[in-house]
Amino acid sequence: MTFSIATEMPPEHNSVASAHPEKAEAIISIKELDFYYGDKIALESITLDILKNKITAFIGPSGCGKSTLLRCINRLNDLIDIARVDGEITFEGRNIYDPSVDIIDLRRRIGMVFQKSNPFPKSIYENVAYGLRIAGVKDKTTLDDVVEKSLRSAALWDEVKDRLNESALGLSGGQQQRLCIARAIAVEPHVILMDEPCSALDPIATARIEELMLELKKKYTIIIVTHSMQQAARVSDYTAFLWLGKVIEYDVTRKIFTTPAEKLTEDYITGRFG
Amino acid sequence: MKKTFFTSGTPFIWLTGLAAALGLLMIVGLLLLILVNGLGIFWPQNLQQFTLKDGSVVLGEVWEKETHDNYDTGREETRYRIKTANRDFYGLDFRWLKEDDISERQMPPTAWVLERQAWGQFFGFIIRLSNNGVALASDELNVAAQLPEWHEKMLAAADEIHQLEKGSIGSISMQIENMRLEKRKVILRRDTTTASGRAALRRVDEELASLERQYQELEKELMQRITDSRAITITLRTIDGQEKELPLIDVVRMWQPNRMSAPEKAGLYAARVWEFLSGEPREANMEGGVFPAIFGTVLMVILMSIAAVPIGVLTAVYLREYAKQGPVVRAVRIAVNNMAGVPSIVYGIFGLGFFVYTVGGTIDQLFYSEALPSPTFGTGGILWASLTLALLTLPVVVVATEEGLAAVPRSIRDGSLALGATKFETLWRIILPSTSPAILTGTILAIARAAGEVAPLMVTGVVKLAPSLPLDSTFPYLHLERKFMHLGFHIYDVGFQSPNVEAALPIVYATTLLLVLIILTLNLTAILLRNRLYARFSVTKI
């Protein structure tokens, strides 16, 4: 099964997408991707395109491989000794699994926000500045500017501007997650991966993050893994439904939720399993 | 019903509480025992004079009262343990007196307690003060009036003599020793046949001769001063009339307890505690202070930490972060854990064989060959003792650090890597700071273990009496090859190896108290530091 909706199926039905009428281009193309944990196959011949400045959601039951697929995109799975990848992922025209690719540079361009907020045990300021410091930026004014800009983008600046030097661990759960978003956008990535970013948050904090995502997609491409179908329906432009390591259906979000092509998708969406 | 009571857990809660209370009771009891006995000994007690029914008199401090049934008569009787001091007169410091034998008790106001350089304390009276045999004062009242001034002079003189011995004479004898080594070096190099070699030898010889002359002059001056200072004497009389003349300079401290008010006694108490903490030991360590032992203990613990903590942390980082997890790493981990259970004397003997004889011996042959056959590093010393203890405490640091590393959640590591950090950067900037409280916990445990160890030290460098501290003002300041004193060994030595165990007992209690306090202080410092780090770096919210 291959899905290449960018060319075959322009998303004219999607209300969110139609608000941005510029022609969508693929920033990431995944082709025939297989992923193995030891002998066990976790992802099987995945092929899909991620469109620039759109929010793409991966949904599916637990263990279907949606987080694994996300972690393939910034090669965070490399850390697992027994993991093995076949196929290719093209990001901005280059196969990221090519041996010549600088993995550090790749991760700087593809940021990530995790399921559980994971601020470093440092001050709020140092959390946001961390990526820049790693990149060798030492100039204080540059750091100050980027920290402020990133925190503003993450809609956190007003809440923390007076206590930048306090520990990030003193923030609330929702604030911590927005701090993690600020930390990710401080290094100016092109893509932001979000792995169930709201699963540990209350509805109000979730609403704020979702609002933020809609704001951020003007500048960034966002891929979100979520187990909440409502969330996928609310924020995403495109949705991929994964089941047992395969992409069952990938289309404009509204179409997936209203008139899915596959029976399996319909069963999942209507809550018959999962 | 019965089953419900048992399964309700109530008896189990009682059992756990009981066990905790038992442990607590033993610890508190031990601390109280040490505290009471260790703090009490410096308090100047009153001197009591007992007149016995057979007409003899005894002067001393009451140390203990005991009531028991007489074995023969079956009657209950009371007896007192009296410290009579005056070891040079009686041979013993203590004697027992039965309540029934005592006919009269008094507190003679003019009785003195003298702390002397030799023979321990003296209890009795001072009846004469003389200069070269000519009496300056010959009744107790006059003596008491003039004594403080003269004693002060004598203390000053003793200080000067000490300065002369340790300062000028000490430095000249060290120079002579260095010149001798220089001479041996020239001879060992076999260049006495060349002109320059002979010139060097001649120069050394001249230098040596001049130093010897200076030495002899200084020694003459020293002898003169000692003779002069010993001219001032006091005549002592015990309660039973025996007399003895003693140079005043041999008296360290003197007081009349029965005349002293409570504040005066408190002042004296403070002075004696201070002397114990800051002074050097006298009389086979049974009197005086324990400063060299405190110094040795603390320095050794510091050196041990400097050696054990970095190596332990690096080992743990390799095992947990870099090594491929598998049977080999598991085996290494088990081996490290088991090393913590090896008896410490085994480490001591390993230290003796490896550090002292092998490493130290090699260093001597390479760098100190002119001093052979007398060893420099090839004998026990503070460096080797510290390294042996570092080996002993290494497993503790490794295990604690590994646990700390394991506790840093995966999500934090991923967060750092996802921002483009390398594994090393993640380790250095995020994981190690988060692990620092655990590393300090390991250090605390290591310190607690190392400060209390005695057995391995006895074979790797601890001595009963070290002539000089391992840290002083002569180059290179820190003398790692020197032997040192240690509080734990001091307790063993004074308590079990001294000629007069009964008299030494108080000092054992005081030293024990001190050792416990030092370990407590070291631990508290580390705990405070750890709590501050927790507040800064803790990954898990509290």
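Predicted model only: the values in this text are computed from it and were never measured.

A. Spotlight on the environment of Val398(B). Residues and elements named next belong to chain B. Among the structural elements, Val398 can be located in helix 10 (residues 382-407). Along the chain, Val398 and Ile447 lie 49 residues apart, while their C-alpha atoms are 14 Å from each other. Excluding residues within four positions of it along the chain, Val398 makes contact with Gly312, Thr315, Ala316, Leu319 and Val336.

B. Representation of the packing of aromatic side chains within the structure. Residues and elements named next belong to chain A. Applying the stated rule across the entire model yields 17 aromatic pairs over all chains. Between the aromatic rings of Phe120 and Tyr130, the centroid separation amounts to 4.6 Å while the plane-to-plane angle is 55°, which identifies the pairing as tilted. With Phe120 in the loop between strand 6 (110-113) and helix 5 (124-134) and Tyr130 in helix 5, the pair connects residues that are 10 residues apart, well separated along the chain. The same class applies to Phe120 and to Tyr130, which are both buried.

C. Local environment of the sheet that holds strand 2 (residues 40-51) of chain A. Residue and element names in this part refer to chain A. Strands sit in the order 2-1-4-5 across an open sheet of 4 strands; the sheet is antiparallel. Only two strands of the sheet have a single neighbouring strand rather than two, namely strand 2 and strand 5 (94-95). Examined bridge by bridge, strand 1 (residues 26-37) and strand 2 share 8 bridges and lie antiparallel to one another. Along strand 2, the bridge assignment pairs Tyr36 with Ile41. Packing against the sheet, helix 3 (residues 66-73) makes contact with strand 1, strand 2 and strand 4 (83-91), and its axis sits at approximately 120° to strand 1.

D. A look at the domain arrangement of chain B. Residues and elements named next belong to chain B. Here chain B is partitioned into domain 1 (48-107), domain 2 (130-251) and domain 3 (291-541). Each side of the interface is counted separately: domain 1 has 8 residues, and domain 2 has 6 residues. Summing the contributions of domain 1 and of domain 2, the shared interface buries around 630 Å²; its carbon and sulfur component is 66%. On the domain 1 side of the contact with domain 2, Val57, Phe89 and Tyr90 bury the most area, a combined 70% of that side's loss. Run the count over domain 1 and domain 2 and you get 1 salt bridge. Asp88 is the salt-bridge partner of Lys244, the closest N and O atoms lying 2.6 Å from each other. Scanning the region where domain 1 abuts domain 2 turns up 2 residue pairs in polar contact (both at pLDDT 80 or more). For the side of domain 1 that touches domain 2, the secondary structure elements donating two or more residues are strand 2 (57-69) and helix 3 (87-90). Within the side of domain 1 that touches domain 2, the residues separate by chemical class into 5 nonpolar, 2 polar and 1 charged.

E. Broad picture of the nonpolar core. If you look at the biggest cluster of nonpolar residues, it comprises 68 residues, and the most contacted ones within it are Met304(B) and Leu487(B). Counting only elements with at least two residues in this core, the list comes to helix 5 of chain A together with helix 7 (291-322), helix 8 (327-339), helix 10, helix 12 (423-452), helix 14 (487-497) and helix 15 (501-537) of chain B. Among the elements that make up this core, the one with the highest residue count is helix 7 of chain B (14 residues). Sequence-distant contacts of Met304(B), that is, excluding residues within four places in its chain, are made with Ser386(B), Leu389(B), Ala390(B), Thr393(B), Ala446(B), Ile447(B) and Ala450(B). Of all hydrophobic cores here, the second largest spans 44 residues; its members include Ala154(A), Cys180(A), Ala186(A) and Leu201(A).

F. The state of the cysteines, seen in detail. Residues and elements named next belong to chain A. The final tally for this structure, using the stated rule, is 0 disulfides over all chains. In this structure Cys72 is not part of a disulfide, and its nearest cysteine sulfur, from Cys64, lies 13 Å away. For Cys72, a relative accessible area of 0% translates into the label buried. Cys198 supplies the cysteine sulfur nearest to Cys180, a cysteine that is in no disulfide, at a spacing of 12 Å. Relative accessible area serves as the criterion here: at 2%, Cys180 is assigned to the buried category.

G. Spotlight on the pairing of strand 3 (residues 55-59) of chain A. Residues and elements named next belong to chain A. For strand 3, the buried fraction is high: 5 of the 5 residues fall into the buried class. Of the two faces of strand 3, the one holding Ile55, Ala57 and Ile59 and the one holding Thr56 and Phe58 are both buried throughout. In this sheet, strand 8 (residues 221-225) lies alongside strand 3 in parallel orientation, the contact comprising 4 bridges. Looking at the pairing, Thr56 lines up with Ile223 of strand 8. The pairing of strand 3 with strand 9 (residues 238-243) spans 4 bridges and is parallel. Note on strand 9: the bridge partner recorded for Phe58 is Ala240.

H. Inspection of the interface of chain B and chain A at higher detail. The interface is formed by 22 residues belonging to chain B together with 24 residues belonging to chain A. Among the residues chain B hides against chain A, the three largest losses belong to Ala418(B), Leu419(B) and Arg429(B). Together they make up 31% of the total. At the boundary of chain B with chain A, the tally comes to 1 salt bridge. The partner of Arg71(A) in a salt bridge is Asp414(B), with the nearest N and O atoms 2.9 Å apart. Seen at the junction of chain B and chain A, the total is 4 residue pairs in polar contact (both at pLDDT 80 or more). For the side of chain B that touches chain A, the elements supplying multiple residues, two or more each, are helix 11 (410-418), helix 12 and helix 15 of chain B. For the side of chain B that touches chain A, the element with the highest residue contribution is helix 11 of chain B, accounting for 8 residues.

I. Inspection of the sheet that holds strand 5 (residues 102-106) of chain B at higher detail. All names here are of chain B. The sheet built from 5 strands is open, its strands ordered 4-3-2-1-5 with antiparallel pairing. Two strands close off the open sheet at either side, each with one partner strand: strand 4 (94-98) and strand 5. Between one strand axis and the next, the sheet turns through 40° on average, direction left out of account. The sheet contact formed by strand 2 and strand 3 (residues 76-83) spans 8 bridges and is antiparallel. Directly across from Lys65, in strand 3, lies its bridge partner Tyr80.

J. Molecular detail of the environment of Arg213(B). Within the element layout of this structure, Arg213(B) appears in helix 5 (residues 195-229). Between the C-alpha atom of Arg213(B) and that of Ser138(B), which follows or precedes it by 75 residues, the distance is 44 Å.

K. Expanded view of the side chain of Asp267(A). All names here are of chain A. Relative to the helices and strands, Asp267 is located in helix 12 (residues 263-269). Judged by relative accessible area, which is 13%, Asp267 ranks as buried. Beyond its immediate chain neighbours, meaning those up to four positions away, Asp267 contacts Arg272 and Phe273.

L. Structural view of the packing of helix 7 of chain B against helix 15 of chain B. Residues and elements named next belong to chain B. For the pair helix 7 and helix 15, interaxial distance at closest approach is 11 Å and the crossing angle is 30°. Accordingly, the angle class assigned to the pair helix 7 and helix 15 is roughly parallel. In the crossing of helix 7 with helix 15, the sense of the turn from one axis to the other is right-handed. Of the residues in helix 15, those touching helix 7 at Ile294, Thr297, Val298 and Val301 are Leu514, Leu515, Ile518 and Leu522. Classifying every residue of the contact of helix 7 with helix 15 by side-chain character gives 7 nonpolar, 1 polar and no charged.

M. The arrangement of unusual backbone geometry in detail. Residue and element names in this part refer to chain A. Its identity is not glycine, yet Ser45 carries a phi of approximately 30°, on the positive side. On the secondary structure map, Ser45 appears in strand 2. Look at Ser45 and you get partly exposed, because its relative accessible area is 29%. A positive phi angle, close to 50°, is found at Glu188, a residue other than glycine. You can see Glu188 is positioned in the loop between helix 8 (173-186) and strand 7 (191-195). The exposure class assigned to Glu188 is partly exposed, which follows from its relative accessible area of 45%.

N. Quick look at the side chain of Thr393(B). Residues and elements named next belong to chain B. Locating Thr393 in the fold gives a position in helix 10. Given the relative accessible area of 0%, Thr393 is considered buried. Filtering out sequence-adjacent residues up to four positions away, Thr393 remains in contact with Met304, Ala308, Ala446, Arg449 and Ala450.

Calculation rules
Within each chain, residue numbers correspond to sequence positions counted from 1 in written order. Labels follow written order: the first chain is A, the first ligand is 1, and so on. Local features in a predicted model are, by the rule used here, given only for residues with pLDDT of at least 70; side-chain atom pairs are given and counted only at 80 or more, and totals for whole chains, interfaces and linings are based on all residues. Side-chain measures here rest on the full set of heavy atoms in the structure, leaving out hydrogens and waters. Only DSSP runs of H or I with at least four residues qualify as helices, and only runs of E with at least two residues qualify as strands; both kinds are numbered from the N terminus onward. For this analysis, residues touch if any pair of their heavy atoms sits within 4.5 Å. Each Phe, Tyr or Trp ring (for Trp, its six-membered ring) is paired with any other whose centre lies within 6.5 Å, and the angle between the two planes then decides the class: stacked below 30 degrees, edge-to-face above 60, tilted in between. For the exposure calls, accessible area comes from a 1.4 Å probe over protein chains only, and a residue counts as buried if that area is under 20% of its type's maximum, exposed if over 50%, partly exposed in between. Two strands qualify as a pair provided DSSP detects at least 2 bridges between them. The axes used here are C-alpha line fits, helices contributing only the stretch in contact, and every angle between their N-to-C directions lies in the interval 0 to 180 degrees. The split into domains, and so the bounds of each, comes from an automatic or database assignment of domains. A simple way to read buried area is as the amount of 1.4 Å-probe accessible surface that goes missing from two parts once joined, with both sides added. When a carboxyl oxygen of Asp or Glu is within 4 Å of a side-chain nitrogen of Lys or Arg, the pair counts as a salt bridge. The term polar contact refers here to a pair of N or O atoms within 3.5 Å; inside protein, the definition further demands a hydrogen-donor-capable atom paired with an acceptor-capable atom, and it admits residues adjacent in sequence only when both atoms are side-chain atoms. Residue polarity is assigned by list, with Asp, Glu, Lys and Arg as charged and Ala, Val, Leu, Ile, Met, Phe, Trp, Tyr, Cys and Pro as nonpolar; anything else, Gly included, falls into the polar class. Residues belong to a common nonpolar core when they are buried Ala, Val, Leu, Ile, Met, Phe, Trp, Tyr or Cys residues joined through side-chain atoms within 4.5 Å. In this description, a disulfide is simply a cysteine sulfur pair whose atoms lie within 2.5 Å. When an angle is under 35 degrees it counts as roughly parallel; over 145 it counts as roughly antiparallel; between 65 and 115 it counts as roughly perpendicular; any other value is oblique. Definitions for this section: a left-handed crossing has its near helix turned counterclockwise from the far helix by less than a right angle. A right-handed crossing has that turn clockwise.

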